[in-house]
Amino acid sequence: MPIVIAILTALAGAIWWWVRQNPREAIHTAQDVATTLKNAPRRLAFRRQTNAHPVEGIDDPRIAICAIAQSFLELDTLPTIEQRDRLHMLLRSKLRCTEAEAEEMEVLGRWLVTQCNGAREAVPRLGRRLRKIDDGSAWDTIQDVLASLVGDDLSPAQVDAVDDLRIAFKR
């Protein structure tokens, strides 16, 4: 117990020292953290469920589409900066979201892909969840996003992912 108290005291002292050295930055940081924590789950329509996979907590089809697009890019290699920028612009134009919403969806989508243990497992699971929350009406949107993202040059893994999406949507 004394070790825990010593660690907490050292941490509090470090925070106190930083606040005393940079008061404006500390105030802005605290406000940003509080605002982000308060608004992010509500704005993104994501809720964490106990004893359920994180993908089951998605309530907004836009988040699922973003996560599918990110996993689609990562099927063969890591996405380039140009591909990430193109995805960001597609999210803003096709899904009609703001800059901040697009950034938050990208972060949450990337986290969801890692929770699915990689891109190969993420595509079918996210596709099934997207069909469940949107009753299959997002199929045209996901096709537009993926076609604009990669064009006609599909790798074998991406062709398999499209087949997984078709199965998930039963098309």
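Residues numbered from 1 in each chain as written. Predicted model: local features only at pLDDT ≥ 70, side-chain atom pairs only at ≥ 80, totals over all residues. Heavy atoms only, no water.

> Outline a nonpolar patch on the surface, listing residues and values.
On the surface, a cluster of nonpolar side chains totalling about 770 Å² of accessible area is made up of Met1, Val4, Ile5, Leu8, Leu11, Ile15, Trp18 and Val19. Inspection of the secondary structure puts Trp18 in helix α1 (residues 2-21). We classify Trp18 as partly exposed; its relative accessible area is 33%. (Patch = residues over 30% accessible without salt bridge, like charges linked within 9 Å, V, L, I, M, F, W, Y side chains within 5 Å. Areas by Shrake-Rupley, 256 points an atom, 1.4 Å probe, with all protein chains shown as cover. Salt bridge = Lys/Arg side-chain N within 4 Å of Asp/Glu carboxyl O. Helix = DSSP H or I, 4+ residues; strand = E, 2+ residues; numbered from the N terminus. Buried < 20%, exposed > 50% of the residue type's maximum accessible area, 1.4 Å probe, protein only.)

> Let's hear about the environment of Glu103: which residues, and what values?
For Glu103, the position within the fold is in helix α5 (residues 99-115). Glu103 gets classed as partly exposed once you look at its relative accessible area, which sits at 42%. With 11 residues separating them in the primary sequence, Glu103 and Arg92 have C-alpha atoms 9.6 Å apart.

> So what's going on with the layout of surface pockets? Residues and values would help.
A probe matching the size of a water molecule, rolled over the atoms, marks out where space remains unfilled. Reported here for the largest pocket is a volume of approximately 180 Å³. Taken together, 13 residues line the largest pocket, and the ones lying closest to its centre are Gln143, Leu146, Ala147, Leu154 and Val162. Elements with a minimum of two residues in the lining of the largest pocket: α7 (139-150) and α8 (156-169). Examining the composition of the lining of the largest pocket, we find that six residues originate from one element, α7, more than from any other. Per-class residue counts for the lining of the largest pocket are nine nonpolar, two polar and two charged. (1 Å grid on protein atoms, 1.4 Å probe; cavity = no way out; pocket = protein on both sides within 12 Å on 5 of 7 lines; lining within 4 Å. Points joined across faces, edges and corners; volume = space filled by probe spheres on them. Nonpolar A, V, L, I, M, F, W, Y, C, P; charged D, E, K, R; others polar.)

> Quick one: what's the story with the environment of Arg110, residue by residue and with numbers?
Structurally, Arg110 can be placed in helix α5. Owing to a relative accessible area of 32%, Arg110 belongs among the partly exposed residues under this scheme. Linking Arg110 and Leu8, residues 102 residues apart in sequence, is a C-alpha distance of 32 Å. Contacts of Arg110, omitting those with residues within four sequence positions, involve Gln70 and Glu74. (Contact = heavy atoms within 4.5 Å.)

> Which residues make up the nonpolar core, and what values do they have?
The biggest cluster of nonpolar side chains holds 41 residues, and the ones touching the most others in it are Ile58, Ile65, Phe72, Leu91, Leu126, Leu130 and Leu149. Put simply, the parts of the chain that give this core at least two residues each are α3 (61-73), α4 (81-94), α5, α6 (119-134), α7 and α8. With nine residues, the single largest contributor to this core is α3. When sequence neighbours within four positions are dropped, the list of residues in contact with Leu149 reads Ala69, Leu73, Gln83, Arg86, Leu87 and Leu90. (Core = buried A, V, L, I, M, F, W, Y, C linked by side-chain atoms within 4.5 Å.)

> Provide a residue-level description of the packing of α3 against α5, including the pertinent values.
Remark: α3 packs on α5, axes separated minimally by 8 Å, with the N-to-C direction vectors making an angle of 60°. As the angle between them shows, α3 and α5 are arranged oblique. As α3 packs across α5, the resulting crossing turns out to be right-handed. Where α3 approaches α5, its residues Arg62, Ile63, Cys66, Ala67, Gln70 and Ser71 are matched on the opposing element by Glu101, Met105, Glu106, Leu108, Gly109, Arg110, Leu112 and Val113. Residue composition of the contact of α3 with α5, grouped by class: seven nonpolar, three polar and four charged. (Axes fitted to C-alpha atoms, helices over the stretch in contact; angles between N-to-C directions. Parallel < 35°, antiparallel > 145°, perpendicular 65-115°, else oblique. Left-handed = near helix turned anticlockwise from the far one by under 90°.)

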